[in-house]
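A closer look at the structure
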Amino acid sequence: MIRETRTLLGTLVAMQPAVSSKDGGSREDKVLEMARDMLSRLPKTMDYVATQKLLVDDPHPLNVVLLQEIQRYNRLLVDMQQSLHDLDRGIQGLVVMSTELEEIFECVFKGEVPPAWKTTYPSQKPLASWMRDLVERIEFLSQWAITGRQPLIFWMSAFSFPTGFLTAVLQQAARTNGVSIDTLSWEFVVMTLDDVNIVEQPTDGVYIRGLFLEGAGWDKKRACLEEAASMELVCSMPTIHFKPVEAKKIAKKSTYACPCYYYPNRTGEGGASAWSFVIAVDLKTGDEAPEHWIKRGAAILMSLDN
């Protein structure tokens with residue numbers, strides 16, 4: 001219902017006549033101000049060559065993932081910088097406004113993310129939230145790239161291709177234990193400790209933070225699902241230990257295979273290029289049967305739409 005309301009409001013805003021307000025300035029002035037503000041806050045590209053040299057002696061699969069992510073995000077940052085520069089010059093009349101610049105102009109004015117900027121990773125956030133999220137993603141990856149040390153707790157939502165990240169974790173586990181990657185599956189342990197009390201990396205697998213639970217609540221003491229609090233659509237999940245295991249046992253009746261989606265639109269947008277489902281995370285069901293949470297539509301989200 002909330003999403004349908006937002007769609008309706010977005011349609012009404014799009015139908016408003018493109019006229020200048022008496023006290024708020026013209027549309028061009030607003031977009032120019034916003035474009036320059038975004039350009040000033042746009043992070044610098046990450047040094048791919050320096051990171052590659054730093055990690056050359058460490059063939060860990062996750063280091064390969066980091067280098068791939070740097071390439072993807074650097075390409076996005078360069079495209080954004082060029083687009084914002086061209087938009088600035090186009091509004092001033094110094095260059096011709098192309099069809100792509102017109103589209104970016106309209107999106108910036110409406111507070112939406114231009115489609116050309118969403119090719120790196122899908123998102124349903126409005127432009128302001130998307131920009132803050134992008135800055136945080138770059139900060140997370142930059143810290144890893146500069147030090148060469150893997151994070152103690154990974155923010156999986158920062159990866160533009162999280163499936164590749166999870167595959168790299170399985171690859172490392174397969175190499176360490178001398179087994180085939182096809183024989184490995186996942187075991188999920190939701191931590192009862194706060195992040196500040198986690199002081200070292202797990203022996204196998206990785207710690208994952210920054211996930212959200214929709215359609216249910218989480219009982220931290222019992223480490224299981226519970227009914228969501230009144231008027232609460234989503235809640236933050238504690239850090240989860242993604243642990244590769246061999247020959248996974250049959251799931252218990254008290255376990256719910258909770259689907260994890262990249263963003264709130266579970267069906268995806270625009271076909272396979274904007275996938276949403278990532279992985280199914282086994283969670284304890286608490287006092288209810290797994291069927292109860294299936295009817296509730298309980299799911300884990302890696303990012304929200306606000």
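So, a few notes on the structure that sits alongside this text. These numbers come from a predicted model, not from an experiment. (Residues numbered from 1 in each chain as written. Predicted model: local features only at pLDDT ≥ 70, side-chain atom pairs only at ≥ 80, totals over all residues. Heavy atoms only, no water.)

1. Here we look at unusual backbone geometry
- Even without being a glycine, Ala-223 presents a positive backbone phi close to 55 degrees.
- Considering the arrangement of structural elements, one finds Ala-223 in the loop between strand S5 (217–219) and strand S6 (224–226).
- Accessibility expressed as a relative area gives 15% for Ala-223, which makes it buried. (Helix = DSSP H or I, 4+ residues; strand = E, 2+ residues; numbered from the N terminus. Buried < 20%, exposed > 50% of the residue type's maximum accessible area, 1.4 Å probe, protein only.)

2. Focus on the sheet that holds strand S7 (residues 234–236)
- Taken together, the five strands give an open sheet; going across it, the order is S7-S4-S11-S9-S10, and neighbouring strands pair in mixed fashion. This sheet does not close on itself; its edge strands, each paired only once, are S7 and strand S10 (277–284). Averaged over all neighbouring strand pairs, the angle between strand axes comes to 30 degrees, with direction disregarded.
- Two strands pair when backbone bridges link them, and strand S4 (residues 212–214) and S7 are joined in this way by three bridges, in the antiparallel orientation. Bridge pairing in S7 links Glu-214 to Val-234. (Pairing = 2+ DSSP bridges. Axes fitted to C-alpha atoms, helices over the stretch in contact; angles between N-to-C directions.)

3. Observations concerning the nonpolar core
- Core analysis: the largest hydrophobic core is formed by 74 residues, its most contacted members being Trp-117, Leu-134, Phe-165 and Phe-242.
- Setting aside anything within four residues of it in sequence, one finds Phe-242 in contact with Met-156, Leu-166, Trp-186, Glu-187, Phe-188, Asp-204, Gly-205, Val-206, Ile-208, Ile-279 and Val-281. (Core = buried A, V, L, I, M, F, W, Y, C linked by side-chain atoms within 4.5 Å. Contact = heavy atoms within 4.5 Å.)

4. A few points about the sheet that holds strand S8 (residues 240–246)
- An order of S1-S3-S8-S2 is seen for the four strands of this open sheet, with the pairing classed as mixed. Because the sheet does not close on itself, it has two edges, and the strands there are strand S1 (154–155) and strand S2 (184–190).
- Two elements, S2 and S8, share seven bridges in a ladder whose sense is antiparallel. Each bridged residue has a counterpart across the sheet, and for Val-190 the counterpart in S8 is Ile-240.
- In this fold helix H7 (residues 162–177) packs onto S1, S2, strand S3 (206–209) and S8, with an angle of close to 110 degrees to the strand it touches most, S2.

5. Describing the packing of helix H4 (residues 61–91) against H7
- For the pair H4 and H7, interaxial distance at closest approach is 8 Å and the crossing angle is 160 degrees. In terms of orientation, H4 lies roughly antiparallel with respect to H7. Seen from H4, the contacting residues are Pro-61, Leu-62 and Val-65; seen from H7, they are Gly-164, Phe-165, Ala-168, Val-169, Gln-171, Gln-172 and Arg-175.
- Broken down by class, the residue content of the contact of H4 with H7 amounts to six nonpolar, three polar and one charged. (Parallel < 35°, antiparallel > 145°, perpendicular 65-115°, else oblique. Nonpolar A, V, L, I, M, F, W, Y, C, P; charged D, E, K, R; others polar.)

6. A word on H7
- Helix length check: H7 (16 residues) gives 23 Å between terminal C-alpha atoms against 22 Å at 1.5 Å per residue, within 8%.
- Of the residues flanking the end of H7, it is Gly-178, one or two places downstream, whose phi is positive at about 65 degrees. (Expected span 1.5 Å × (residues − 1).)

7. What about the packing of aromatic side chains?
- Inspection of every chain in the model, using the stated rule, returns 13 aromatic pairs.
- Consider the rings of Phe-140 and Phe-159, whose centres lie 6.2 Å apart with planes at 85 degrees: the pair is edge-to-face. Of the two residues, Phe-140 is situated in helix H6 (residues 127–147) and Phe-159 in the loop between S1 and H7; the sequence distance between them amounts to 19 residues.
- Note on Tyr-261 and Phe-277: the rings are 5.9 Å apart at their centroids and 70 degrees apart in plane angle, and the pair reads as edge-to-face. Taken together, the positions of Tyr-261 in strand S9 (residues 255–261) and Phe-277 in strand S10 put the pair 16 residues apart, joining distant regions of the chain.
- Exposure remark for Tyr-261: the relative accessible area of 13% places this residue in the buried category.
- A relative accessible area of 45% means that Phe-277 is categorised as partly exposed.
- Following the ring pairs from residue to residue traces out a cluster consisting of Phe-140, Trp-144, Phe-154, Trp-155, Phe-159 and Phe-165.
- The aromatic ring of Phe-109 is capped on one face by Arg-27, whose charged end is 4.5 Å from the ring centroid.
- Across from the ring centre of Tyr-121, 3.8 Å away, lies the NZ or CZ of Arg-137, which sits over that ring. (Phe/Tyr/Trp six-rings, centres within 6.5 Å; stacked < 30°, edge-to-face > 60°. Lys NZ or Arg CZ within 6 Å of the ring centre and 35° of its normal.)

On their own, these measurements won't tell you what the molecule is for.
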